[in-house]
Amino acid sequence: MKNKATFAGSMEQESKRNSSKIYYIIIIIILLTLNGIFVYNYFTTDKKLVHTEEKLFATDSVKVELEKVLVDTKNELESYKGKNAQLDAFLKEKNDSLQEYAERIEVLLRQGRLTRDQLNKVLDEVDQLRYYKRKYLNQIDSLSMHIVYLNKENTTLRGTIDKEKRKVEDLNMENIKLNNKVAIGAKLNSTSIFVTGIKMRSNGKERETIRVSQMEKLKVSFHLQENYVTDAGPKDIYMKVVGPEGNTLYNELSGSGTIKVEGQESLYTTKKTIDFTQDAQDVSIYWAKAADFAKGIYKLELFADGLRIGSSDFELK
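Residues numbered from 1 in each chain as written. Predicted model: local features only at pLDDT ≥ 70, side-chain atom pairs only at ≥ 80, totals over all residues. Heavy atoms only, no water.

**Digging into the overall build of the chain**
Using the following cut-off: Every helix listed is a DSSP run of H or I at least four residues long, and every strand listed is a run of E at least two residues long, numbered separately from the N terminus. Think of it in three bands: with a 1.4 Å probe and only protein chains considered, a residue is buried below 20% of the maximum accessible area for its type, exposed above 50%, and partly exposed in between. We call two residues contacting when some pair of their heavy atoms lies within 4.5 Å.
A count of helical and extended segments in the chain gives four helices and ten strands. Mapped from its N terminus to its C terminus, the chain presents α and β elements in the order α-α-α-α-β-β-β-β-β-β-β-β-β-β. A total of 317 residues make up the chain; the buried ones form 32% of that total. Of all intrachain contacts in the chain linking residues separated by at least 6 positions in sequence, the fraction that spans at least 24 positions is 69%.

**Things to note about a nonpolar patch on the surface**
Short version of the rule: Two joining distances apply to patches: 9 Å for like charges and 5 Å for nonpolar side chains (Val, Leu, Ile, Met, Phe, Trp, Tyr), and every residue must have over 30% relative accessible area and no salt bridge. Computed with the Shrake-Rupley method and a 1.4 Å probe, the accessible areas treat only the protein chains shown as cover for residues. By convention in these notes, a salt bridge is any Lys or Arg side-chain nitrogen within 4 Å of a carboxyl oxygen on Asp or Glu.
Together, Ile22, Ile26, Ile27 and Ile30 make up an exposed nonpolar region whose accessible area comes to about 340 Å². Structurally, Ile22 is set in helix 1 (residues 2-78).

**Overview of the side chain of Lys240**
Heads up, the rule is: Charged residues are defined here as Lys and Arg on the positive side and Asp and Glu on the negative side; His and the ends of the chain fall outside this count. Counted as a polar contact is a pair of N or O atoms within 3.5 Å, where, for protein atoms, one must be capable of donating a hydrogen and the other of accepting one, and residues adjacent in sequence contribute only when both atoms are in side chains.
Summarising the element assignment, Lys240 is placed in strand 4 (residues 233-242). Here Lys240 sits buried without a salt bridge, and the closest side chain of opposite charge, Glu301, lies 4.4 Å off (N-O distance). A distance of 3.1 Å separates the side chain of Lys240 from the side chain of Ser266, its partner in a polar contact. Not counting residues up to four positions away in its chain, the partners in contact with Lys240 are Thr248, Ser266, Leu267, Tyr268, Thr269, Lys299, Leu300, Glu301 and Phe303.

**Topic: the environment of Leu218**
Along the chain, Leu218 falls in strand 3 (residues 217-224). A residue is classified by how much of its surface remains accessible, and Leu218, at 1% relative accessible area, is buried. A sequence separation of 20 residues divides Leu218 from Ile198, and the C-alpha atoms of the two residues are 6.0 Å apart. If we skip the residues at most four places from it in the chain, Leu218 touches Val195, Thr196, Ile285, Tyr286, Trp287, Phe293, Phe314 and Leu316.

**Remarks on the sheet that holds strand 8 (residues 281-288)**
Where strands meet in a sheet, backbone hydrogen bonds hold them as pairs that are either parallel or antiparallel. Here is the rule: Any two strands are treated as partners once DSSP identifies two or more bridges connecting them. Every axis corresponds to a line fitted to the C-alpha atoms, with the helix fit spanning only the stretch in contact, and the corresponding angles, defined between N-to-C directions, vary from 0 to 180 degrees.
Taken in spatial order, the four strands of this open sheet run 2-1-3-8, and their pairing is antiparallel. Whereas interior strands pair on both sides, the edge strands pair on one side only; in this sheet they are strand 2 (206-209) and strand 8. Strand-to-strand, the axes of this sheet are offset by a mean angle of 40 degrees, without reference to chain direction. Across eight bridges, the pairing between strand 3 and strand 8 is antiparallel. Bridged to Leu218 within strand 8 is Trp287.

**Some details on the nonpolar core**
Threshold: Buried Ala, Val, Leu, Ile, Met, Phe, Trp, Tyr and Cys residues form a nonpolar core when they are joined through side-chain atoms within 4.5 Å.
Ranked by size, the top nonpolar core spans 26 residues in total, and within it Phe222, Met239, Phe293, Leu300, Phe314 and Leu316 carry the most contacts. Excluding residues that lie within four positions of it along the chain, Phe222 makes contacts with Ser190, Thr191, Ser192, Ile193, Ile237, Gln281, Asp282, Val283, Ile285 and Leu302. Core analysis: the next-biggest nonpolar cluster, separate from the first, contains five residues, Tyr238, Ile259, Val261 and Phe303 among them.

**What to know about the pairing of strand 2**
Strand direction decides the pairing type here: strand 1 (residues 190-200) and strand 2, joined by four bridges, are antiparallel. Along strand 2, the bridge assignment pairs Gly197 with Thr209. Counting the residues in the hairpin turn of strand 1 and strand 2 gives five residues, including Gly204, whose phi is positive at 90 degrees.

**Quick notes on the sheet that holds strand 9 (residues 296-304)**
One open sheet holds the four strands; their spatial order is 7-4-9-10, and the pairing between them is antiparallel. Of all the strands in the sheet, the pair left with one neighbour each is strand 7 (270-276) and strand 10 (307-316). Looking at each pair of strands side by side, their axes are set apart by 25 degrees on average, direction ignored. Bridge analysis of strand 4 against strand 7 gives seven bridges, and the strand direction is antiparallel. By the bridge assignment for strand 7, Gly233 is matched with Phe276.

Next comes the structure, spelled out in structure tokens:
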């Protein structure tokens, strides 16, 4: 009996030791599991923080670049102010347009955290702002040179006219007018031709665009030089646009037709009747697309009184 009691006690102690071992093993497994979860969350959170910092860094860089573009543009535009009333009006128009772009970019940047697609959109908007900055400054340079040229030309012309008036006071002015009409001096001339893609806003205002997919109209702007030989009054200006494949943009429902230019029949895209005053004037002609515009190089020609008065090539992208 004594042996049986001793054996039973030994078995009980063994059972307790096994239970203790299982308990410690369970504790160790739980600790290892918690440690694994902690390590996983640590590295996952760290990666998220790095990713957030990268996005915030990219956004801050765009803000710095936008500020630089705006400051540079403001300084460059300021250097042109006060030289001419026509130039000041042109500067205000272009500066307002650039400010619209900047405000749209700032709205996107105020979101703080941007997805990659949103960030790409902001960068694309900044690139367009740079493009229009370069384009407007080139136009302003061209207009400034044109104004300087006209001022010099007007001074010379007025001196010549005064001198000639004294020489021909006794001549019949009507005969002089008829003789001058035969001369090439009666031909109109256009300068500073600019072609721009237009997309209409919901509020009815125009927005320039360089994207063919967004263009709803073409806007052709040019400067018609003064001409005191040609009669004042209504004058038809014909516009011909030839596409990349060599075909004239033509739609009779939109006002296209045919005219004689220097004795030859020619198609024209559209026309505009202006009130010609003999003084220099700025003219704009629109062409609403009948079909989507194709990418490529286009040729533009302007006609009046059966003569070509200007031409220019432009590219749609």
